[in-house]
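So you can see what is in the structure, the chains are spelled out below.
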Amino acid sequence: MLKPSIISKRAFLTAARGLGTMLLAGCDQITESETARGVFDSAEPLNRALQGALGPQALAAEFTEADLSPAFRANGTTEPDSELYDEISKGGFADWRLDVSGLVERPAKFSLADLRALPSRTQITRHDCVEGWSCIGKWKGARLSALLSVAGLKSNARLIVFHCADKLPGGGFSPPVPYYESIDLGDAFHEQTILAYDMNGKELPVAYGAPLRLRVERQLGYKHAKYIMAIEAVESFAHIGSGKGSYWADHGYSWYAGI
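Residues numbered from 1 in each chain as written. Predicted model: local features only at pLDDT ≥ 70, side-chain atom pairs only at ≥ 80, totals over all residues. Heavy atoms only, no water.

> Got a minute to help me understand the overall build of the protein in this structure?
Assigned secondary structure in the protein consists of seven helices and 10 strands. When burial is assessed residue by residue, the protein has 51% of its 259 residues classed as buried. Relative to all contacts within the protein whose residues are 6 or more apart in sequence, the contacts with residues 24 or more apart total 70%. Of the accessible surface of the protein, which amounts to about 12,200 Å², a share of 55% is contributed by carbon and sulfur atoms. (Helix = DSSP H or I, 4+ residues; strand = E, 2+ residues; numbered from the N terminus. Buried < 20%, exposed > 50% of the residue type's maximum accessible area, 1.4 Å probe, protein only. Contact = heavy atoms within 4.5 Å. Areas by Shrake-Rupley, 256 points an atom, 1.4 Å probe, with all protein chains shown as cover.)

> Is there a simple way to explain the sheet that holds strand β6 (residues 177-184) in this structure?
The five strands lie next to each other as β2-β1-β10-β5-β6, forming an open sheet whose pairing is mixed. Looking at which strands have only one partner, the edges of the open sheet turn out to be β2 (108-110) and β6. This sheet shows a mean twist of 25° between the axes of neighbouring strands, independent of strand direction. Sheet topology places strand β5 (residues 159-168) next to strand β10 (residues 228-234); six bridges connect them, and they run antiparallel. Paired with F162 across the strands is I231, a residue of β10. In the packing of helix α5 (residues 144-151) onto the sheet, the strands contacted are β1 (98-102), β2, β5, β6 and β10, and the crossing angle to β1 comes to about 60°. (Pairing = 2+ DSSP bridges. Axes fitted to C-alpha atoms, helices over the stretch in contact; angles between N-to-C directions.)

> I would appreciate a short explanation of the pattern of salt bridges in the present structure.
Side-chain pairs of opposite charge can arise whenever the charged atoms involved come near each other. This structure, assessed with the given rule, holds nine salt bridges. The partner of R121 in a salt bridge is E62, and the shortest N-O contact between them spans 2.8 Å. Of this pair, R121 sits in strand β3 (residues 120-128) while E62 sits in the loop between α2 (34-54) and α3 (83-90), placing them 59 residues apart in sequence. Relative accessible area serves as the criterion here: at 36%, E62 is assigned to the partly exposed category. Among the salt bridges present, the one from E191 reaches R121, with a minimum N-O distance of 3.2 Å. Here E191 is found in the loop between α6 (185-188) and β7 (193-199), whereas its partner R121 is found in strand β3, with 70 residues between them in sequence. Taken together, the salt bridges that share partners define one network made up of E62, R121 and E191. (Salt bridge = Lys/Arg side-chain N within 4 Å of Asp/Glu carboxyl O.)

> Can you help me understand a negative patch on the surface in this one?
Side chains of E79, D81, E83, E87 and D95 sit close together on the surface and give a patch of like negative charge. Locating D95 in the fold gives a position in the loop between α3 and β1. (Patch = residues over 30% accessible without salt bridge, like charges linked within 9 Å, V, L, I, M, F, W, Y side chains within 5 Å. Lys, Arg positive; Asp, Glu negative; His and termini not counted. Charge placed at Lys NZ, Arg CZ, Asp CG, Glu CD.)

> How should I be thinking about unusual backbone geometry in this particular structure?
Note on backbone geometry: most residues besides glycine have negative phi, and most peptide bonds are trans. Note that the residue after A210, namely P211, is joined by a cis bond; omega there is 5°. When you line up the elements, P211 lands in the loop between β8 (202-203) and β9 (213-216). Positive phi values are uncommon outside glycine, yet N200 reaches one of about 50°. On the secondary structure map, N200 appears in the loop between β7 and β8. A relative accessible area of 33% places N200 in the partly exposed class.

> So what exactly am I meant to see when it comes to α5 here?
The buried count for α5 comes to six of eight residues, which makes it a mostly enclosed element. Of the residues making up α5, those classed as buried are L144, S145, A146, L147, L148 and A151. Directly beyond the C-terminal end of α5, a positive phi value near 75° is found at G152.

Written as structure tokens, this is what we have:
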């Protein structure tokens, strides 16, 4: 029998996804609806409370290879419009480095080989998009907790920000802005939070975020940042973007998107 907290959370998510399907023909259209933004804003505290009731170490469901989706849908950007990204991707990402900075004791740059040498995790999980579709894929990557342990967080670090190579519309007549996302330390040190460099037993393809993407399995798909170029530990994200913690939060989505 399911625990009451899990039943409540699943009921909430079912209702939320149904609303999302009605409101959204695509992720960006939420910005056109004041009602939709209000619903997401009011739902976030309940979502976080329900996630907390499950416990900080509760795991997202994992599956077997027999459950893998025949075709895994690529969400969001499938090829960044960036000269720098074009250059490093043509070189097989040999010159790519993950810049780790901010409130860390040991700022550093990590190559893919460096990341592959860190403690890793392989998991088969379901990717749930706010648009209403889901796919199951197999991911392997460095544990984010291991990377942060190497860098050493300072005592005032509270959040981890991911800066990405892709750019999305800035709104109105503003130029495109670099995509960014963030999570709190609870999710950063969660067992299933990894920096994925492999997908379905092969190197991560460009359409799915090569060379590195976040997998934060207890949150909706738009939190799984792709094309990661840098990680920054911060005390708050007031100075980043519009100060709400992520590109989509700046455009009306909930910052916390737990499932």
